[in-house]
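# Observations on chain architecture
One letter stands for each residue in the lines below.
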Amino acid sequence: MTPADNAPSRRRFLAAGAAAGAGALVGTAAGVGAERAGAIPGAPDRPDDAGVNGQRVVPFYGPHQAAVTARPGAFASFVALDLLRGIGRDRLAAWMRLITDDAARLTQGRAALADVEPELAATPAGLTVTVGFGRGFVERARGERPAWLQPLPPFSIDKLEDRWSGGDVLFIVSSDEPSTVAHALRMLLKDSRAFASVRWRQDGFRRAYGSDPSGRTMRNLFGQVDGSANLRPGTPDFDAAVLAGDDAPAWLRGGTSFVLRRIAMDLDGWDEVDRVGRENAVGRRLDTGAPLTGGRERDPVDLDAKGPGGLPVISSVAHARRARVEDPSLRIVRLAYNYEEPAPAASEALSSTGLLFGAWQADVDRQYVPIQRALDEADLLNVWTTPIGSAVFAIPPGCREGGYLGESSLGV
Amino acid sequence: MLALSRAALVAAIALTLAACSGGSTGDDASSLTLTDTWAKAADEGMTAAFGTVENAADRDITITAARSDAASAVELHEVVDDVMRQVDGGFTVPAGGSLALEPGGLHLMFMGIPQPIAPGDEVTVTLTLSDGSELDFTAVAKDFAGANEDYDGGMNMETGSAAASAEAEA
């Protein structure tokens with residue numbers, strides 16, 4: 001790049017920064033979108049000749065199922081299935097071998113066996129396939145059931161619907177490419193219909209790949225930066241919080257658990273809340289996600305900080321205070337996806353919108369339930385959020401080449 | 001120098017040939033490899049098995065016959081104009097090449113299955129090769145809606161559980 005080229009682009013960059021700052025100040029980023037578009041370096045519509053991310057492959061084989069530690073794909077489908085009657089332990093193993101073979105091929109960008117749309121397998125875009133076992137599966141497999149593998153205890157805020165709750169088996173299919181998710185899921189379901197029927201399916205999305213720098217925390221549809229306090233994969237704290245250890249049944253060690261809550265968000269009610277009220281509900285800034293007590297997004301929230309009037313800066317019922325867990329080994333790791341669907345026919349709401357709140361943890365009773373209990377007792381966000389679905393699954397460990405998912409509970 | 005390198009070259013070629021053919025003295029079975037093998041699950045009637053056959057030898061190898069405990073007979077079939085029929089002279093796998101057995105093309109036809117083949121079941125097939133040697137492989141059964149071509153065996157039989165759709169698609 002010549003100096004002559006460089007100068008204008010630097011000016012453009014500065015202008016973009018100013019525009020972004022202005023957007024943050026007025027708090028309506030969408031409102032300045034049109035003006036910003038031409039001012040951001042790299043924003044002009046350039047053809048992407050490489051499609052590099054489409055070829056991104058996440059290794060399938062390993063000690064843990066890949067999605068537990070992988071960067072979440074931009075799109076995910078969560079599907080729960082109920083076992084058909086008469087499917088015994090031998091047939092469960094046959095099913096899991098089929099599913100493992102599909103997953104091992106598709107995640108590596110290869111067609112599944114008997115794949116009649118093999119071209120759709122050629123763009124994995126970070127595809128991961130995760131399999132979870134509900135209580136019904138473990139009982140049918142005659143495996144040792146972890147004490148927490150059952151429905152969560154009831155909470156006063158819950159308005160659970162059967163159509164979003166429970167299930168014997170869970171598939172999580174995630175990729176940055178939605179047609180890849182659709183194809184992989186179809187393959188898995190074709191290879192499942194002799195064994196189980198679909199109980200529910202929940203589709204979610206995060207920022208599309210390429211819209212944000214990699215690793216930036218997602219935003220939910222309340223506009224909040226969502227998941228800032230998550231532990232990072234590859235750290236001892238993450239492993240301690242997520243991976244099932246010696247206190248788990250032997251077949252689950254190296255695996256984890258997954259809770260999926262479907263949380264309806266009242267966007268019409270949220271519309272009535274001003275920016276200060278919205279930030280106080282959580283205890284974080286909307287623009288950066290940083291704690292209201294200062295610092296950067298990932299800095300700890302200072303629960304002791306007092307404002308000018310002597311009141312705590314973080315409200316006693318703010319979400320960030322109520323959800324806080326000091327001991328890292330007792331935290332959960334969130335895997336959240338937005339959902340938005342048409343409102344029910346009779347409703348005056350503009351949409352059915354919410355969050356698929358997923359959480360990995362080694363032990364649901366020890367980690368998830370106490371947090372949920374604290375939020376049930378008091379959390380300002382409860383005014384605008386309602387859990388309408390709930391399901392708990394054991395996530396068996398990963399497998400080696402030649403093995404299959406669930407082998408530790410079904411083998412021999 | 002020249003003589004040495006020529007000797008080395010000859011040795012290298014000999015080694016390469018040995019490696020490629022699994023030993024020129026090896027039988028046909030030791031030269032063929034089957035991958036991505038699967039069969040169409042079926043409750044009754046006929047069904048078929050598919051996969052890719054690779055030939056590491058430096059000579060063509062022909063699959064002359066096949067059998068399986070999961071079928072009363074296994075025939076070597078091809079599909080021509082949406083009609084399948086038995087192949088004359090077997091399946092020839094070219095030297096150093098491969099042969100695809102796939103729906104709508106060459107396949108191993110299970111002419112009658114004494115018991116249902118359920119998705120996830122593994123069926124064993126034995127291939128007889130041109131030199132008389134035999135090769136076993138297993139195919140996993142998949143829930144598959146295709147492979148419904150009409151059979152030109154004189155009786156217009158239909159495959160497995162998808163019998164109803166067979167006539168419509170033919």
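Residues numbered from 1 in each chain as written. Chains lettered and ligands numbered in written order. Predicted model: local features only at pLDDT ≥ 70, side-chain atom pairs only at ≥ 80, totals over all residues. Heavy atoms only, no water.

Quick look at the overall build of chain B now. Looking only at helices and strands, one finds three helices and eleven strands in chain B. Counting from the amino terminus, helix and strand elements in chain B follow one another as α-α-β-β-β-β-β-β-β-β-β-β-β-α. Buried residues in chain B amount to 45% of all 170 residues. Summarising the internal contacts of chain B: among those between residues at least 6 apart in sequence, 68% fall at separations of at least 24. Accessible surface for chain B amounts to roughly 8300 Å². Of this, 53% is attributable to carbon and sulfur atoms. (Helix = DSSP H or I, 4+ residues; strand = E, 2+ residues; numbered from the N terminus. Buried < 20%, exposed > 50% of the residue type's maximum accessible area, 1.4 Å probe, protein only. Contact = heavy atoms within 4.5 Å. Areas by Shrake-Rupley, 256 points an atom, 1.4 Å probe, with all protein chains shown as cover.)

Another point: the overall build of chain A. Secondary structure assignment for chain A yields eleven helices and eight strands. Taken as a whole, chain A presents about 19400 Å² of accessible surface, with 53% of it coming from carbon and sulfur.

Attention now moves to the packing of helix 3 (residues 89-106) of chain A against helix 5 (residues 178-190) of chain A. All names here are of chain A. It is the contact of helix 3 with helix 5, at a shortest axis distance of 9 Å, that shows an interaxial angle of 160°. Compared by their axis directions, helix 3 and helix 5 come out roughly antiparallel. The element helix 3 and its partner helix 5 pack so that their crossing is right-handed. Residue-level inspection shows Ile 99, Asp 102 and Leu 106 of helix 3 in contact with helix 5, the latter providing His 183, Ala 184, Met 187 and Leu 188. Here the contact of helix 3 with helix 5 is composed, by residue class, of five nonpolar, one polar and one charged. (Axes fitted to C-alpha atoms, helices over the stretch in contact; angles between N-to-C directions. Parallel < 35°, antiparallel > 145°, perpendicular 65-115°, else oblique. Left-handed = near helix turned anticlockwise from the far one by under 90°. Nonpolar A, V, L, I, M, F, W, Y, C, P; charged D, E, K, R; others polar.)

Residues and elements named next belong to chain A. Space inside the second largest pocket adds up to approximately 1100 Å³. If you go around the second largest pocket, you meet 41 residues; those closest to its centre are Ala 229, His 319, Ala 320, Ala 323 and Arg 334. When residues of the lining of the second largest pocket are traced back to their parent elements, those giving at least two are strand 5 (256-265), helix 9 (319-322), strand 7 (352-361), helix 10 (364-377) and strand 8 (385-395). Of the residues forming the lining of the second largest pocket, the biggest block, four residues, is contributed by helix 10. Considering only residue class, the lining of the second largest pocket consists of 20 nonpolar, nine polar and twelve charged. (1 Å grid on protein atoms, 1.4 Å probe; cavity = no way out; pocket = protein on both sides within 12 Å on 5 of 7 lines; lining within 4 Å. Points joined across faces, edges and corners; volume = space filled by probe spheres on them.)

This paragraph deals with the interface of chain A and chain B. Contact residues are listed per partner, giving 15 residues for chain A and twelve residues for chain B. Buried surface at the junction of chain A and chain B, summed over both partners, amounts to about 1000 Å²; 57% is from carbon and sulfur atoms. If you sort the residues of chain A by the area they bury against chain B, Leu 98, Leu 113 and Ala 114 of chain A come out on top, with a joint share of 45%. Where chain A packs against chain B, one counts five salt bridges. Its salt-bridge partner being Asp 191 of chain A, residue Lys 142 of chain B comes within 2.6 Å of it at the nearest N-O pair. Across the contact surface, chain A and chain B share seven residue pairs in polar contact (both at pLDDT 80 or more). Of all elements in the fold, only helix 3 and helix 5 of chain A reach the threshold of two or more residues within the side of chain A that touches chain B. Looking at which element gives the most residues to the side of chain A that touches chain B, the answer is helix 3 of chain A, with five residues. (Buried area = accessible area lost by both parts, 1.4 Å probe. Salt bridge = Lys/Arg side-chain N within 4 Å of Asp/Glu carboxyl O. Polar contact = N/O pair within 3.5 Å; in protein donor to acceptor, adjacent residues only side chain to side chain.)

On average, residues of chain A carry a pLDDT of 90, and 89% of them reach 70 or more. In this model residues 1-38 of chain A is a low-confidence stretch, pLDDT under 50, and it forms 18 contacts with partners more than four residues away in sequence or in other chains. (pLDDT = per-residue confidence, 0-100.)

A few words now on the pattern of salt bridges. Applying the stated rule across the entire model yields 25 salt bridges over all chains. In this structure, the salt-bridge partner of Glu 326 of chain A is Arg 324 of chain A, at a minimum N-O distance of 3.2 Å. Here Glu 326 of chain A falls in the exposed class, since its relative accessible area comes to 55%. Among the residues examined, Arg 324 of chain A registers a relative accessible area of 29% and is labelled partly exposed. We note a salt bridge from Glu 134 of chain B to Arg 67 of chain B, for which the minimum N-O separation is 2.8 Å. In this pair, Glu 134 of chain B is assigned in strand 10 (residues 134-142) and Arg 67 of chain B in strand 3 (residues 61-68), connecting sequence segments 67 residues apart. Classification of Arg 67 of chain B by relative accessible area gives partly exposed; the value is 44%. Through salt bridges that share partners, Arg 56, Arg 71 and Asp 176 of chain A make up one connected network.

Residue and element names in this part refer to chain A. Restricting attention to buried positions, one finds in helix 8 (residues 275-282) the residues Arg 278, Glu 279, Ala 281 and Val 282. The buried residues of helix 8 all sit within an arc of 155° when viewed along its axis, so they share a single face. At its buried positions, helix 8 is contacted by helix 7 (267-270) and helix 9. One side-chain oxygen of the residue at the start of helix 8 lies 3.3 Å from the amide nitrogen of Val 276, identifying that residue as Asp 274. Phi for Gly 283, located one or two positions after helix 8, is positive at around 95°. (Arc of directions from axis to C-beta.)

Before going further, it helps to examine the nonpolar core. Formed by 83 residues in total, the largest nonpolar core has its most connected members in Trp 95 and Phe 137 of chain A. In this structure, Trp 95 of chain A is in contact with Leu 83, Phe 137, Val 169, Phe 171, Asp 191, Ser 192, Phe 195 and Ala 196 of chain A, ignoring residues within four places of it in sequence. If you look at the next biggest cluster of nonpolar residues, it comprises 33 residues, including Leu 76, Ile 113, Val 123 and Ala 141 of chain B. (Core = buried A, V, L, I, M, F, W, Y, C linked by side-chain atoms within 4.5 Å.)

Together, Asp 266, Asp 268, Asp 271 and Glu 272 of chain A give the surface a local cluster of negative charge. For Glu 272 of chain A, the position within the fold is in the loop between helix 7 and helix 8. (Patch = residues over 30% accessible without salt bridge, like charges linked within 9 Å, V, L, I, M, F, W, Y side chains within 5 Å. Lys, Arg positive; Asp, Glu negative; His and termini not counted. Charge placed at Lys NZ, Arg CZ, Asp CG, Glu CD.)

All names here are of chain B. Its place among the elements puts Thr 128 in strand 9 (residues 122-129). In this structure Thr 128 comes out as buried when scored by relative accessible area, which is 19%. Beyond its immediate sequence surroundings of up to four residues, Thr 128 is in contact with Thr 62, Ile 63, Thr 64, Ala 65, Arg 67, Ser 133 and Glu 134.

The next subject is empty space enclosed by the protein. Residues and elements named next belong to chain A. Tallied over the full model, the rule gives four cavities of 30 Å³ or more. Here the largest cavity is characterised by a volume of approximately 80 Å³. For the lining of the largest cavity, the secondary structure elements donating two or more residues are strand 3 (169-175) and strand 6 (333-341). Among the residues making up the lining of the largest cavity, the classes are represented as six nonpolar, four polar and one charged. Looking at the second largest cavity, its volume works out to about 60 Å³. Forming the boundary of the second largest cavity are Val 58, Pro 59, Phe 60, Gln 65, Ala 66, Ala 67, Thr 107, Leu 127, Thr 128 and Val 129.

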